[in-house]
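Remarks on the overall topology
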Amino acid sequence: MGSAGRLGGALALVTGGASGIGRAVCARLARDGARVAVAVADRDEVGAGDTARGLRGHPPTPPPHAAFGVDVASAPSVTQLLARVQEHFGAPPSILVGCAGITRDEFLLRLQEAPFREVLGVNLTGTFLVTQAVAQALVAAGAPGGSIIHVGSVVGKVGNLGQANYAAAKAGVEGLTRSCAKELARFGIRCNVVLPGFIVTPMTAKVPPKVLEKFAGMVPLGRLGDPQDVADVCAFLASEDSSYITGASVEVTGGLFM
Ligand code: NAP
C-alpha cells in the first residue's frame, strides 16, 4: 500500500503537537489518513487550534481533527484529556505519539532538585500517565489493538553535558516502553520508542549555535535532523507496516553515536 491513507481513519493522539517534532507528526499522520487529536500544553490552546486547522487529511473535508490542552505531568489533566478526546471522537485513540517534553539544562554540580523533578515530571511521569490512560481506555473498550510511540532521546543512551535530568528521564522512557510492550502485547497493543539525535526545533534553538555546529559536524549523514525525519519513523511505527515490531528503540540520529 502507498503511504496515502495507510492509517485508514485511525484516531491518533499526539502530545506536544503544536510545536517541533509533534507538529510534524500531526501533519504526517493526517497525510496518512489518521484523524488527529492534537494535545498541547494548556497554555498553548491557540497553537493547538492552529495545528489542528492546518492539517490535511484524506479526504481533506470535513476537518476530522481537533485540539485539546493538557499538562501531561498532571494525572487529573491527563484523565480529563482522555475523557474529552473520547467524548469528541466517540472512541479512544488507537495511536499515541508522546512528544511532550522539556529541557532544563544545568551542569550536575549546580543542578537543583526542582528542575530535576520538573524534567522527570513532564518527560517520564507525563509519558507514563498518558500511556496508561490510553492503554486503559483501549482495553476497557475491547479495542482490537493499538500502537504507542514514545519520543525518547539518544541522550538517554549516551548522556550529555548539562542534561543529567533529561538523560535520566529519557533513559526511563526506554525502560517504560519495553515494560509496556511486554504487558500490552496480549491486548494487541504495540509500544516502541524513537530516539532522535539533534533535530532542529524550538527545543534545540536554546542550544548555543557553537554546540549545534559541533554536533552537526559529528553526524555521519552530515546534517542536523528535521522534525519530518522523526515524523516519518513515527508514521511507520503507527502503521501496520510495523505490525511485528514492539519494544524497539529506533534511533533517528543520522548515525550520530552509533
Ligand atoms: P518543542 O518544539 O519544544 O516541543 C515540545 C512540546 O511539548 C511543546 O509543544 C510543549 O508545549 C509541549 N509540552 C511541554 N511541557 C508540556 C506539558 N507539561 N504538557 C503538555 N505538553 C507539554 O521540542 P521538540 O524538539 O519538538 O521535542 C519533542 C520531543 O522530542 C520531546 O520529548 C523532546 O525531548 C524530544 N527530542 C527532541 C530532540 C531535538 O533535538 N529537538 C532530540 C531528542 C528528543 P509549549 O511549547 O507550550 O511549552
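Structural notes, computed from the coordinates. (Residues numbered from 1 in each chain as written. Predicted model: local features only at pLDDT ≥ 70, side-chain atom pairs only at ≥ 80, totals over all residues. Heavy atoms only, no water.)

Here we come to the packing of aromatic side chains. Scanning the entire structure with this criterion turns up two aromatic pairs. Here Phe198 and Phe215 contribute two aromatic rings whose centre-to-centre distance is 4.2 Å and whose plane-to-plane angle is 20°, an arrangement assigned as stacked. Within this pair, whereas Phe198 is found in the loop between β6 (189-196) and α7 (209-218), its partner Phe215 is found in helix α7, the two being separated by 17 residues in sequence. In terms of burial, Phe198 and Phe215 fall into one category: buried. Here Phe215 and Phe257 contribute two aromatic rings whose centre-to-centre distance is 6.3 Å and whose plane-to-plane angle is 75°, an arrangement assigned as edge-to-face. Here Phe215 is found in helix α7, whereas its partner Phe257 is found in the segment after β7 (249-252), with 42 residues between them in sequence. Residue Phe215 is classed as buried on the basis of its relative accessible area of 8%. You can call Phe257 partly exposed: its relative accessible area is 31%. Among the aromatic side chains, those forming a connected cluster through ring pairs are Phe198, Phe215 and Phe257. Lys214 extends its terminal NZ or CZ atom over the ring of Phe215, reaching a point 5.4 Å from the ring centre. (Phe/Tyr/Trp six-rings, centres within 6.5 Å; stacked < 30°, edge-to-face > 60°. Helix = DSSP H or I, 4+ residues; strand = E, 2+ residues; numbered from the N terminus. Buried < 20%, exposed > 50% of the residue type's maximum accessible area, 1.4 Å probe, protein only. Lys NZ or Arg CZ within 6 Å of the ring centre and 35° of its normal.)

With 15 residues, helix α3 (residues 75-89) extends 21 Å between its outermost C-alpha atoms, agreeing within 8% with the 21 Å of an ideal straight helix rising 1.5 Å per residue. By the burial criterion, the buried members of α3 are Ser77, Val78, Leu81, Leu82, Val85 and Phe89. When α3 is viewed along its axis, its buried side chains cluster within an angular range of 140° and face the same direction. Exposed residues pointing more than 90 degrees away from the buried face of α3 are listed as Pro76, Thr79 and Glu87. Buried residues along α3 sit in contact with β1 (11-15), β2 (35-41), β3 (66-70) and α4 (113-140). One or two residues past the end of α3 sits Gly90, with phi positive at roughly 80°. (Expected span 1.5 Å × (residues − 1). Arc of directions from axis to C-beta. Contact = heavy atoms within 4.5 Å.)

What follows covers the pairing of strand β5 (residues 146-151). With six of six residues buried, β5 is to be regarded as a mostly interior element. Neither face of β5 is open: one carries Gly146, Ile148 and His150, the other Ser147, Ile149 and Val151, and all of them are buried. As paired strands, strand β4 (residues 95-98) and β5 are joined by four bridges and run parallel to one another. Note that in β5 the partner of Ile95 across the bridge is Ser147. Where the polypeptide runs from β4 across α4 and back to β5, its parallel neighbour, the crossover connection is right-handed. By the bridge criterion, six bridges tie β5 to β6 in an arrangement that is parallel. Paired with Ser147 across the bridge in β6 is Arg190. (Pairing = 2+ DSSP bridges. Right-handed = clockwise from strand over helix to strand, strands pointing away.)

Right, let's talk about the environment of Met258 for a bit. Tracing the backbone shows Met258 in the segment after β7. As for Met258 and Pro220, which are separated by 38 residues in sequence, their C-alpha atoms are 9.5 Å apart.

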